[in-house]
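An overview of the molecular structure
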Amino acid sequence: MKPNRKKKTNAIQRAVVKVGSNVLTARAGLNIDAIASICSQICRLLDQGIQVILVSSGAMASGMKKMGFSTRPEAIPKRQAISAIGQAGLIREWEKAFSRFNRKVAQILLTSDDLTSRKRYLNARNTMNTLLEWQVVPIINENDTIMVEEIKLGDNDNLAAMIALLLDADIFINLTDIDGLYDKDPRVCPDARLIPRVATYSKRIEAYAGDIPGALGTGGMLSKIKAARKVTASGIPMVIAQGYRPDILIRLAAGEPHGTFFVPREHKLNRKKCWIGYTVNPQGTLRVDDGAAAALLNNGKSLLPSGIVEVRGQFPVGAVVAVVTDGSQVIGNGLVNYNADEIRNIMGLKTSQIKTRLGQKTYDEVIHRDNLVITGEPEAA
Ligand SMILES: Nc1ncnc2c1ncn2[C@@H]1O[C@H](COP(=O)(O)OP(=O)(O)O)[C@@H](O)[C@H]1O
Ligand SMILES: N[C@@H](CCC(=O)OP(=O)(O)O)C(=O)O
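Counting from 1, residues in each chain are numbered in the order their sequence is written. A letter from A marks each chain and a number from 1 marks each ligand, given out in the order of writing. Predicted model: local features are reported for residues with pLDDT of at least 70 only, side-chain atom pairs are reported and counted for 80 or more only, and whole-chain, interface and lining totals are derived from all residues. Just so you know, side-chain values use all the structure's heavy atoms and leave hydrogens and water out.

The chain is annotated in an unreviewed UniProt entry as Glutamate 5-kinase of Desulfosarcina alkanivorans. UniProt positions are given in the numbering used here, feature names are shortened, and annotations may be inferred rather than shown by experiment. Of the chain, the UniProt comment under Function (unreviewed entry) reads exactly: "Catalyzes the transfer of a phosphate group to glutamate to form L-glutamate 5-phosphate." Looking at the Subcellular location (unreviewed entry) heading of the UniProt record, one finds this comment for the chain: "Cytoplasm".

Following this line, the structure appears as structure tokens:
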């Protein structure tokens, strides 16, 4: 049976809802009507027993309006200052809106470091689960104030996808200013057509989407598509829909067809594999020969030292690294049983030779298949 929206949405217990800057801002600052409408819908979902985690953009847009900037400043410290100014107003408006329904909110600001460190990742999950147990709505945004390239998540589409994996959500609803993915950028091509359903992720789907955002957004449609790839590969469906549409969240939760529905793979990945495959920034790279690539890709095998031809970077035991083919095509991510220098030392060897070379052998595999997630680059369609 083909997975469909009704089947995939009728058992929703936990939803991640992301609202983009374009929905949340108006000429005079934050769009209070949009906030009120989304808030009242979320409260109705909560009344139905559905837990909701809100990822809210809008800090920068709100701060720009407050400070009288008509465009985003180039300088990073200025952007960070503007976000800090805007975030205060943003959370205040959400808190005001939810308090009308006697609901409490909590502010959570994250960077990619917080999700890459397994310890912080688990702490974040425990805190958010506690908030959900207490029926408090977590409102999450990237911590723009301290962002530097290395710890930047990049956009809230990516952050929301990671949160959906972190909290094992049943659906990720991405609300923006357009009613879904079109086959071309509708701003430039008036004949663009809406795609109601994406069954399989491919390069063609990526090519539909532009990476130029609206005046206030970040990442454009492309970052939403990349987020869809992450969540659907982990077994979670995603919908892109228009945030202004009346009762959109209620309708989607009821399984009505709106926007673009991204069909998830049939079985959910376990949380640890979600973290290895789609949350962590790999700390190094292992390049493998064709035989090893085929064993990993086609036969679900572990990675042995004999198939490794190059080790890039320095990393400790337990790090997550990328595994690539001889031609540098991404195969996936895996958690290593040896550090970078040890792998350099044993690469190309048979497992029976590891002990002689290193003086001890803790594992046969450099990456055990239970700690390997095949993410592979999407096929050109
Ligand atoms: N193929 C496409 N289909 C739909 N929208 C697209 C496409 N390519 C580019 N876009 C643009 O992406 C914009 C949404 O991205 P963005 O501005 O980052 O939104 P948000 O602030 O909601 O995250 C839309 O306003 C739309 O003009
Ligand atoms: N953290 C930023 C949002 C960045 C972002 O991804 O924006 P958007 O594309 O509108 O979801 C802010 O609050 O302004």
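Re the sheet that holds strand β12 (residues 308–312)
Each pair of strands is called paired provided DSSP finds at least two bridges between the two strands. By definition, any uninterrupted DSSP run of H or I lasting at least four residues is a helix, any uninterrupted run of E lasting at least two residues is a strand, and each is numbered from the N terminus. Here we have five strands laid out as an open sheet, ordered β12-β11-β13-β14-β15, and mixed in their pairing. Each having just a single partner strand, β12 and β15 (372–374) make up the two edges of the open sheet. Adjacent strand axes in the sheet meet at a mean angle of 25 degrees when their direction is disregarded. Note: strand β11 (residues 285–288) against β12, four bridges, orientation antiparallel. Paired with Thr285 across the strands is Arg312, a residue of β12. Note on geometry: axes are lines fitted to C-alpha atoms, helical ones only across the stretch in contact, with angles between N-to-C directions running from 0 to 180 degrees.

Notes on the packing of helix α7 (residues 118–133) against helix α12 (residues 271–278)
Angle between the axes and distance between the axes are the two parameters that describe a pair of packed helices. Two elements in contact, α7 and α12, have axes separated by 12 Å at closest approach and are oriented at 125 degrees. When the interaxial angle is binned, α7 and α12 end up oblique. Here the hand of the crossing between α7 and α12 comes out right-handed. Residues Arg118, Tyr121 and Arg125 of α7 touch α12, and the partners they reach there are Arg271, Lys272 and Trp275. The residue inventory of the contact of α7 with α12, partitioned by class, reads two nonpolar, no polar and four charged. Roughly parallel refers to an angle under 35 degrees, roughly antiparallel to one over 145, roughly perpendicular to one between 65 and 115, and oblique to any angle outside these ranges. Two helices cross in a left-handed way if the nearer one is turned anticlockwise from the farther one by less than a right angle. They cross in a right-handed way if the turn is clockwise. Contact between two residues is taken to exist if any of their heavy atoms lie within 4.5 Å; hydrogens are not considered. Side-chain classes are defined by residue name, with Ala, Val, Leu, Ile, Met, Phe, Trp, Tyr, Cys and Pro counting as nonpolar, Asp, Glu, Lys and Arg as charged, and the others, Gly among them, as polar.

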